[in-house]
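Residues per chain are reported as follows:
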Amino acid sequence: MTLDTDILIIGGGISGLLTARELRLAGRDITIIDKSNAGQEASWAGGGILLPIYPWRQADAISDLVLASIQSYPNLSSELRDTTGIDPEWLPCGMLICKNPDYDLAIKWCKSRDIAYQSPPAALLNTINTRCDQPLWLPDIAQARNPRLLKSLKAYLLQKGVRFIENAEITGIEILNRCLQKVHTSKRSFIPNQTVVCAGAWSAELLNRWLPHASTTLQIQPVRGQMLLFDAQPDTLKHMILDGDHYLIPRRDGKILAGSTVEQAGFTKITTTEAREHLYSFAIGLMPDLKNYPVCEHWAGLRPGTPEGIPYIGFHPDVDNLSVNAGHFRNGLVMGPASARLLADLILQRTPTLNPTAYALNRN
Ligand SMILES: Cc1cc2nc3c(=O)[nH]c(=O)nc-3n(C[C@H](O)[C@H](O)[C@H](O)COP(=O)(O)OP(=O)(O)OC[C@H]3O[C@@H](n4cnc5c(N)ncnc54)[C@H](O)[C@@H]3O)c2cc1C
């Protein structure tokens, strides 16, 4: 069976769902296809911190998407909660950063990006067990609870009339004269006006497979990240803590996430004993009280890693009606809303709110 659809989005993670929202709100007809179930890959597995780790060490192209996105999260979250009854748990709980050897750079970034910062109150430092180096307290930094954000977004899009075709493997793509004409899947075929690839860590593989002679190859590689979840009581920890390369994130119901690993392991999405032990000893080293709580979950996800973590957002140089929103590496939630907005601006031929050059597919 073949379906005409205005816009076909390949991939139902945070990038695909937010892109669908932008385009649907502009009145377009949207179908999302996913090789498995939407919202179950990296976007589900992440920590939901709405700030990159040490953002002052990242490219301006990342900060630009981050700032625009964090401004939109409060309204996005309440719109999703009010429409669907599922609360994405946007929570401005603040973040304590224990070690800042590049403190001056951090302060300069906070000032230039209008991010509130303070010396941490003594009460925050007294409860942790680590050697602090010029610690910094960012009181307004928020988190979202990934599984709930995705569930809420999916329910919202369904209510708005977006079609989801899940467990659909792509079996063929027809391109003629720079125009993508048909996408065949194991479920059905589509004749789209526009096709958007939001396939996370799988995006480059997908494009290489179906466009083997393309003039541009996207540099997107899977980077595995593992997380532990402690079944702690509410108020055991009230804010996020970043210590070196690892962090703790307290959820509203008291559960505490300890993350994360950064591993080059191809598409093997398994958990390992080594990572479990490593994250466990980080967590109880920093907060010895966590010894009193069981680890209730341990999982892995595949981040869409890109050089410098800068995503690809824009049209394919060889196919006029094919575009990409993928490659957000460690920051797909915190860059999500602005990335989706930028791609929607390009597709809808609106003046983009951000300069798209840094995100172009053929930027290398
Ligand atoms: C452990 C961990 C911690 C993280 N912490 C944070 C954090 O605190 N803050 C933050 O902002 N980011 C964080 N991230 C990064 C963030 O999760 C990712 O950048 C983001 O989820 C990427 O979203 P995506 O939609 O591009 O990819 P995904 O969520 O992986 O979605 C891609 C979708 O495409 C589908 N797909 C793939 N191939 C095909 C195909 N051929 N056909 C159809 N569908 C296909 C997949 O099934 C999937 O549903 C973390 C990630 C991990 C793993």
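An unreviewed UniProt entry annotates the protein as FAD dependent oxidoreductase of Methylomonas methanica.

1. Considering the overall build of the protein
Of the regular secondary structure elements, the protein holds nine helices and 15 strands. Since a compact globule built from 364 residues should have a radius of gyration of about 21 Å, the 20 Å found for the protein is in line with a globular shape. Here the protein holds 364 residues, and 56% of them are scored as buried. Taking as baseline every contact in the protein between residues at least 6 positions apart, the subset at least 24 positions apart corresponds to 74%. When the accessible surface of the protein is totalled, it reaches about 15,200 Å², and 47% of it is carbon and sulfur. Distance between charge centres in the protein, computed from 35 positive and 35 negative side chains, equals 3 Å.

2. Things to note about the domain arrangement of the protein
Once the domains are mapped, the protein shows domain 1 (2–46 + 150–219 + 308–359) and domain 2 (90–142 + 221–307). A straight line from the C-alpha centre of domain 1 to that of domain 2 covers 30 Å. Every contact between the two is made by 19 residues of domain 1 and, on the other side, 19 residues of domain 2. Counting each side, the surface lost to burial between domain 1 and domain 2 is near 1,600 Å², with a carbon and sulfur contribution of 60%. When the area that domain 1 buries against domain 2 is broken down by residue, the three leading residues are Ala 201, Phe 329 and Arg 330, summing to 35%.

3. Some remarks on the UniProt feature "domain: FAD dependent oxidoreductase" (unreviewed entry) in the protein
Sequence positions flagged by UniProt for "domain: FAD dependent oxidoreductase" (unreviewed entry) are, in local numbering, residues 6–346. Structurally, residues 6–346 is divided into 30% helix and 25% strand, and its ends, taken at the C-alpha atoms, are 15 Å apart.

4. Remarks on the site of the ligand
Every one of the 36 residues lining the ligand counts as a neighbour, but Asp 34, Ser 43, Ile 49, Phe 329 and Val 334 are closest to it. One of the side-chain nitrogen or oxygen atoms of Asp 34 is found 2.6 Å away from an oxygen atom of the ligand. Here an oxygen atom of the ligand and a backbone polar atom of Leu 333 are 2.9 Å apart. About the coverage of the ligand: the protein hides 97% of its 1,000 Å² of free accessible area. Its residues assigned to classes, the shell around the ligand shows 16 nonpolar, 15 polar and five charged. Both domains that meet at the shell around the ligand, namely domain 1 (2–46 + 150–219 + 308–359) and domain 2 (90–142 + 221–307), each give it at least three residues.

5. Side note on the packing of helix α3 (residues 60–84) against helix α9 (residues 336–347)
In a pair of packed helices, the angle between the axes and the distance between the axes together describe the arrangement. One can describe the packing of α3 onto α9 by two numbers: an axis separation of 6 Å at closest approach and a directional angle of 105°. By the angle class used here, α3 and α9 are roughly perpendicular. For the pair α3 and α9, contact is made by Leu 65, Ala 68, Ser 69, Ser 72, Tyr 73 and Leu 76 and by Gly 336, Pro 337, Ala 338 and Ser 339, respectively. Residues belonging to the contact of α3 with α9 are distributed by class as follows: six nonpolar, four polar and no charged.

6. Quick look at the packing of aromatic side chains
Counted under the stated rule, the structure contains five aromatic pairs. Pairing Phe 230 with Tyr 280 gives two aromatic rings, centres 5.7 Å apart and planes at 25°, and the pair type is stacked. With a gap of 50 residues between them, Phe 230 in strand β9 (residues 221–230) and Tyr 280 in helix α8 (residues 273–286) connect regions that are remote in the sequence. Following the ring pairs from residue to residue traces out a cluster consisting of Tyr 54, Trp 56 and Trp 109. In this arrangement the basic side chain of Lys 154 is found over the ring face of Phe 164, its NZ or CZ atom lying 5.4 Å from the centre.

7. A word on the sheet that holds strand β11 (residues 246–250)
Spatial ordering of the open sheet is given by β4-β3-β10-β11-β12-β9-β13, a layout of seven strands whose pairing is mixed. With one partner strand each, in any of the chains shown, β4 (136–138) and β13 (295–305) form the two edges of the open sheet. Averaged over all neighbouring strand pairs, the angle between strand axes comes to 20°, with direction disregarded. Note that strand β3 (residues 95–97) and β4 share three bridges and pair antiparallel. If you follow Leu 96 over to β4, its bridge partner there is Trp 137. Seen against the sheet, α8 touches β9, β10 (240–243), β11, β12 (256–259) and β13 and runs at an angle of roughly 50° to β9.

Procedures and definitions
- Residues numbered from 1 in each chain as written.
- Predicted model: local features only at pLDDT ≥ 70, side-chain atom pairs only at ≥ 80, totals over all residues.
- Heavy atoms only, no water.
- Helix = DSSP H or I, 4+ residues; strand = E, 2+ residues; numbered from the N terminus.
- Rg over C-alpha atoms; globule rule 2.2 N^0.38 Å.
- Buried < 20%, exposed > 50% of the residue type's maximum accessible area, 1.4 Å probe, protein only.
- Contact = heavy atoms within 4.5 Å.
- Areas by Shrake-Rupley, 256 points an atom, 1.4 Å probe, with all protein chains shown as cover.
- Lys, Arg positive; Asp, Glu negative; His and termini not counted.
- Charge placed at Lys NZ, Arg CZ, Asp CG, Glu CD.
- Domains from an automatic or database assignment.
- Buried area = accessible area lost by both parts, 1.4 Å probe.
- UniProt positions renumbered as here; feature names shortened; annotations may be inferred.
- Near = heavy atom within 4 Å.
- Polar contact = N/O pair within 3.5 Å; in protein donor to acceptor, adjacent residues only side chain to side chain.
- Nonpolar A, V, L, I, M, F, W, Y, C, P; charged D, E, K, R; others polar.
- Axes fitted to C-alpha atoms, helices over the stretch in contact; angles between N-to-C directions.
- Parallel < 35°, antiparallel > 145°, perpendicular 65-115°, else oblique.
- Phe/Tyr/Trp six-rings, centres within 6.5 Å; stacked < 30°, edge-to-face > 60°.
- Lys NZ or Arg CZ within 6 Å of the ring centre and 35° of its normal.
- Pairing = 2+ DSSP bridges.

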